[in-house]
Amino acid sequence: FFFKQKTAYEIKECDWSSDVVLFRSFMVDLVKDIELALKQSAKKGLIPVFRLNGTSDIAFEKYEVIRGGKLYRNIFTAFPDIQFYDYTKMLKRKVNNISNYHLTFSAADGNDADVNVAVSQGMNVAAVFKELPDTYLGRPVINGDETDLRFLDDKQVIVGLKAKGKAKKDTSGFVKYPAIMLKVA
């Protein structure tokens, strides 16, 4: 599902924290677009799910929305029967009490300490590998390239994604090479 209006990426790139009107407008459009997607999905007999952060990491749980003239704490409470999911690199997001929102922590170059904290907190972690190992950081690795529906994953797994494109030649630390990594005791 693609938004017709500004994307989360465009919102992130501008300084929406100082442009409250722009962000509120985006949230109004987001509610309208979700409602439209729900109607279109119902006509086709589909069950829609939404990944709001395609290229951004906006903490949507922090922002109120209006739906049907009623103020809601966030987009997830406005659509309680809809499943939302995202990837994040922010550890301190408070979403455990939001039953229809699933977050997978993203491993990246330079956030190994945060990855270890995410693992210790029981979060699933997505990581890019040259070749998918059976286990990583003491957890089973599942093939995350088979589907993007992270909310269907077992708990406490590593979501392995195979390096593609330029990432095949990455040496920054973004791509993991577990076969040559030293095991930590």
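Re the overall build of the protein chain
Inference 1: From N to C terminus, the protein chain includes four helices and 10 strands.
Inference 2: Evaluated residue by residue, the protein chain yields a buried proportion of 42% over its 185 residues.
Inference 3: Intrachain contacts of the protein chain at a sequence separation of at least 6 include 51% that bridge at least 24 residues.
Inference 4: Of the accessible surface of the protein chain, which amounts to about 11500 Å², a share of 54% is contributed by carbon and sulfur atoms.

Regarding the nonpolar core
Inference 1: By size, the foremost hydrophobic cluster in this structure holds 35 residues, and its most contacted members are Phe-60, Ile-75 and Phe-84.
Inference 2: Among the elements of the structure, helix H2 (20–44), helix H3 (75–78), strand E5 (101–106), helix H4 (112–120) and strand E6 (125–129) are those that each provide at least two residues to this core.
Inference 3: Broken down by element, this core gets its largest block of residues, seven residues, from H2.
Inference 4: Residues within four places of Phe-84 in sequence aside, it is in contact with Ile-34, Phe-50, Leu-52, Ile-75, Phe-76, Phe-79, Asn-100, Tyr-101 and His-102.
Inference 5: Listed in part, the nine residues of the second largest apolar core include Tyr-87, Val-157, Leu-161 and Ala-163.

Notes on the packing of aromatic side chains
Inference 1: Enumeration according to the criterion identifies six aromatic pairs in this entry.
Inference 2: Centroid distance Phe-26 to Phe-60: 6.4 Å. Interplanar angle 35°. Geometry classified as tilted. Here the residue Phe-26 occupies a position in helix H2, and Phe-60 occupies one in the loop between strand E1 (49–50) and strand E2 (65–67), the gap between them amounting to 34 residues.
Inference 3: One aromatic cluster is present, formed by Phe-50, Phe-76, Phe-84 and Tyr-101 through successive ring pairs.

Side note on the pattern of salt bridges
Inference 1: Applying the stated criterion across every chain yields a total of eight salt bridges.
Inference 2: Glu-131 is paired through a salt bridge with Lys-162; the nearest N and O atoms lie 3.5 Å apart. Taken together, the positions of Glu-131 in the loop between E6 and strand E7 (135–136) and Lys-162 in strand E9 (residues 158–162) put the pair 31 residues apart, joining distant regions of the chain.
Inference 3: For Lys-162, a relative accessible area of 37% puts it in the partly exposed group.
Inference 4: Among the salt bridges present, the one from Asp-153 reaches Arg-150, with a minimum N-O distance of 2.6 Å.
Inference 5: In the salt-bridge network here, residues are joined through shared partners; they are Asp-57, Glu-61 and Arg-93.

With respect to the confidence of the model for the protein chain
Inference 1: Looking at the protein chain, pLDDT values average 86 and 86% of them are 70 or higher.
Inference 2: Per-element mean pLDDT across the protein chain ranges from 46 in helix H1 (residues 8–13) up to 98 in H3.
Inference 3: In the predicted structure, residues 1–13 sits below a pLDDT of 50 and forms 31 contacts with residues beyond four places in sequence or in another chain.

Description of the environment of Asp-112
Inference 1: Relative to the helices and strands, Asp-112 is located in helix H4.
Inference 2: Its relative accessible area of 46% is what places Asp-112 among the partly exposed residues.
Inference 3: Expressed as a C-alpha distance, the spacing of Asp-112 and Gly-173, which sit 61 residues apart in the sequence, is 9.4 Å.

Description of unusual backbone geometry
Note: most peptide bonds trans; most residues except glycine with negative phi.
Inference 1: The phi torsion at Leu-137 lies on the positive side, around 55°, for a residue other than glycine.
Inference 2: By the element assignment, Leu-137 lies in the loop between E7 and strand E8 (139–143).
Inference 3: Notably, Gln-156 is not glycine yet its phi reads approximately 60°, a positive angle.
Inference 4: As for its placement among the helices and strands, Gln-156 is situated in the loop between E8 and E9.

Some details on the side chain of His-102
Inference 1: Tracing the backbone shows His-102 in strand E5.
Inference 2: Taking relative accessible area as the criterion, His-102 reaches 18% and is therefore assigned buried.
Inference 3: With residues near it in sequence (within four places) discarded, His-102 still touches Gln-83, Phe-84, Tyr-85, Asp-86, Asn-124, Arg-150 and Phe-151.

Thresholds applied
Residues numbered from 1 in each chain as written. Predicted model: local features only at pLDDT ≥ 70, side-chain atom pairs only at ≥ 80, totals over all residues. Heavy atoms only, no water. Helix = DSSP H or I, 4+ residues; strand = E, 2+ residues; numbered from the N terminus. Buried < 20%, exposed > 50% of the residue type's maximum accessible area, 1.4 Å probe, protein only. Contact = heavy atoms within 4.5 Å. Areas by Shrake-Rupley, 256 points an atom, 1.4 Å probe, with all protein chains shown as cover. Core = buried A, V, L, I, M, F, W, Y, C linked by side-chain atoms within 4.5 Å. Phe/Tyr/Trp six-rings, centres within 6.5 Å; stacked < 30°, edge-to-face > 60°. Salt bridge = Lys/Arg side-chain N within 4 Å of Asp/Glu carboxyl O. pLDDT = per-residue confidence, 0-100.

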